[in-house]
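The primary structure of each chain is shown beneath.
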Amino acid sequence: MSGKQDVGKGGRQRNRIEYSAINASVAMVSQALMIVVGYISRVVFTRTLSTSYAGVNGLFADILGVLSLSELGIASAMSYALYRPIAQNDIPRIQAVMKLYKRLYMYVAAFVGAAGLAMLPFLGYFAGDLSAIEHLALIYLLYLGNSVISYLLMYRSTLITAHQREYVVSLCYTAFSLVQIILQIILLLATGSYIAYLLTAIIGSLLCNLCISWQAGRMYPYLREKNSHELPETEKREIRRNIGALALHRFGAVVINNTDNLLISRLVGIASVGIYSNYYLVIHSVQQVLARLFQGMAASIGNLGASEDREAMEPVFYNAFFIGQWVYSLAAICLYELLPPFIEISFGPKYLLDRSTVLILCVLVFLQGMRKAVATFWYALGMFWLDRYKALAEAALNLIISIILGIRWGIAGVFMGTILSMLLVPLWIDPYMFFRHCLKKSLGPFVRKYIGYLAVIVLTWWLVDIVCGLVTGGLFRVLLVRMAICAVLPNALFLAAHFWRQEFKSAMWLVSSLLKK
């Protein structure tokens with residue numbers, strides 16, 4: 001991802017590699033910091049409030065995740081619409097895109113608010129045995145208010161990100177989130193009030209959105225200008241088509257990602273939602289850190305697609321895929337070995353899941369990670385329309401299989417359904433469509449690389465599990481020794497298996513050149 005793109009401090013121009021590195025580095029460090037503070041907050045949360053409140057937290061997050069379907073993937077469609085005018089420095093067109101973007105998000109905020117209020121009379125059905133919790137309706141309204149606020153000003157952050165400056169958004173978000181979480185911890189310890197906890201989150205979200213909006217106006221003063229520009233009808237039609245395709249993707253994603261707690265609550269019980277939510281906290285936090293690696297690349301990939309021949313993308317893609325399979329397989333292995341002692345130390349033995357369920361959750365992390373490179377390129381290049389029905393097929397299979405297996409095997413069955421639906425649909429369709437329509441290359445070399453990587457990962461996971469199983473003693477000792485093993489052994493085995501690959505050499509050159517800069 002070479003090429004001059006923008007002027008940094010001192011007049012020196014930064015290229016796509018530098019922007020990708022800055023965005024990814026700042027985002028990953030910020031997210032890692034948020035994990036640490038979020039973990040402390042979660043421990044305080046579980047120690048000061050009952051398990052039922054953890055269930056409420058997960059349940060309402062899923063309900064509002066379903067309502068977020070109304071966003072329809074607008075952010076992704078508008079990001080893609082911004083890449084070309086930004087590359088061409090076409091300010092009137094950028095203004096027109098942002099004007100349309102703002103209008104669409106106002107509609108979304110209004111719809112989420114209205115739909116959320118309409119669901120209020122049915123809370124008892126969704127909540128099940130949580131209905132007896134005091135002030136349940138008020139708690140739900142606070143969650144809803146926080147969700148609506150997120151749509152009012154955050155559309156401007158997309159412009160910053162499309163300019164390959166996502167690090168600005170990451171820094172603002174991290175600063176406000178840290179203050180918010182610290183205040184929430186203090187309030188929980190001092191008052192034990194869940195209402196005060198939620199009000200702090202709303203105020204934090206509002207202030208963060210205001211800060212990012214102000215920063216966007218400062219960086220791009222033309223946002224403050226009176227804007228009479230409108231997009232041509234042909235471009236509006238293309239955006240509508242992309243939003244329509246992304247709506248199907250969004251619907252599928254909501255069904256897959258935001259129904260787990262609902263299914264567990266109805267099929268297993270709300271207490272199981274509380275137990276799973278602690279695992280979700282750790283797993284999702286790790287996934288967010290690693291996802292930022294690819295999010296940091298997305299704007300540069302979109303810029304590359306808007307300004308250069310796509311022939312240049314093949315080596316960039318293979319490098320990204322190599323890095324992705326390394327970090328996600330390492331994450332899955334570490335989570336499998338470290339989660340049980342970590343959860344027991346943090347929350348107590350009553351919050352432990354059985355080993356087979358933990359394995360299923362970690363395999364799911366790995367498989368989702370192996371899709372990241374393809375998905376990042378596919379979305380950054382605006383290829384939403386071609387696979388618009390794929391997400392619906394995956395969502396339908398996911399829901400049906402998860403219900404069937406969830407009735408039989410509980411939490412493990414719910415997530416086994418997600419894995420099976422992924423194997424049946426996107427795991428092979430995604431790379432096939434990407435190579436056929438984007439790279440216009442044979443899929444054979446990719447399949448051979450995938451199988452080679454998979455063989456190394458399975459062997460490495462097996463060996464690490466054997467070595468970690470030999471560790472005995474107290475929980476703290478087991479956790480610390482396993483951490484040391486997971487930090488050294490899988491990386492050493494990956495290095496021995498891949499040091500000869502061109503992708504590994506390219507990754508080492510990239511790291512070396514960035515450290516020098």
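Structure: see above.
Residues numbered from 1 in each chain as written. Predicted model: local features only at pLDDT ≥ 70, side-chain atom pairs only at ≥ 80, totals over all residues. Heavy atoms only, no water.

Some words on a nonpolar patch on the surface
Now for step 1: A cluster of nonpolar residues, Leu 267, Val 268, Leu 399, Ile 403 and Ile 407, forms a patch on the protein surface that exposes about 380 Å² of accessible area.
Now for step 2: It is helix H16 (residues 390-409) that contributes the most residues to the nonpolar patch, three residues altogether.
Now for step 3: For Ile 403, the position within the fold is in helix H16. (Patch = residues over 30% accessible without salt bridge, like charges linked within 9 Å, V, L, I, M, F, W, Y side chains within 5 Å. Areas by Shrake-Rupley, 256 points an atom, 1.4 Å probe, with all protein chains shown as cover. Salt bridge = Lys/Arg side-chain N within 4 Å of Asp/Glu carboxyl O. Helix = DSSP H or I, 4+ residues; strand = E, 2+ residues; numbered from the N terminus.)

Some thoughts on the packing of helix H3 (residues 74-87) against helix H7 (residues 155-162)
Now for step 1: For the pair H3 and H7, the least separation of the axes is 9 Å and the interaxial angle reads 45°. For the element pair H3 / H7, the angle class is oblique. In this structure, H3 crosses over H7, and the sense of that crossing is right-handed. Contacts between H3 and H7 pair Ala 75, Ser 79, Leu 82, Tyr 83 and Ile 86 from the former with Thr 158, Leu 159 and Ala 162 from the latter.
Now for step 2: Its residues assigned to classes, the contact of H3 with H7 shows six nonpolar, two polar and no charged. (Axes fitted to C-alpha atoms, helices over the stretch in contact; angles between N-to-C directions. Parallel < 35°, antiparallel > 145°, perpendicular 65-115°, else oblique. Left-handed = near helix turned anticlockwise from the far one by under 90°. Contact = heavy atoms within 4.5 Å. Nonpolar A, V, L, I, M, F, W, Y, C, P; charged D, E, K, R; others polar.)

Some points on the pattern of salt bridges
Now for step 1: Within the structure shown, the criterion is met by 13 salt bridges.
Now for step 2: In this structure, Lys 236 and Glu 230 form a salt bridge, with 3.5 Å as the shortest nitrogen-oxygen distance.
Now for step 3: Note that Arg 240 is salt-bridged to Glu 233, the shortest N-O span being 2.7 Å.
Now for step 4: Using a relative accessible area of 48% as the deciding quantity, one classes Arg 240 as partly exposed.
Now for step 5: Salt bridges sharing common partners tie together Arg 371, Asp 387, Lys 390, Glu 394 and Asp 430. (Buried < 20%, exposed > 50% of the residue type's maximum accessible area, 1.4 Å probe, protein only.)

Quick word on the nonpolar core
Now for step 1: By size, the foremost hydrophobic cluster in this structure holds 82 residues, and its most contacted members are Phe 317, Phe 321, Leu 339, Phe 415 and Phe 434.
Now for step 2: Here this core gets 20 residues from one element, more than from any other, and that element is helix H13 (residues 313-347).
Now for step 3: Setting aside residues up to four positions removed in sequence, Phe 434 forms contacts with Phe 317, Val 374, Phe 377, Trp 378 and Leu 439. (Core = buried A, V, L, I, M, F, W, Y, C linked by side-chain atoms within 4.5 Å.)

Thoughts on the environment of Tyr 318
Now for step 1: Relative to the helices and strands, Tyr 318 is located in helix H13.
Now for step 2: Once the C-alpha coordinates of Tyr 318 and Phe 446 are considered, the two residues, 128 residues apart in sequence, prove to be 8.3 Å apart.
Now for step 3: Here the side chain of Tyr 318 touches Phe 446 through a polar contact of 3.4 Å, landing on its backbone nitrogen. (Polar contact = N/O pair within 3.5 Å; in protein donor to acceptor, adjacent residues only side chain to side chain.)

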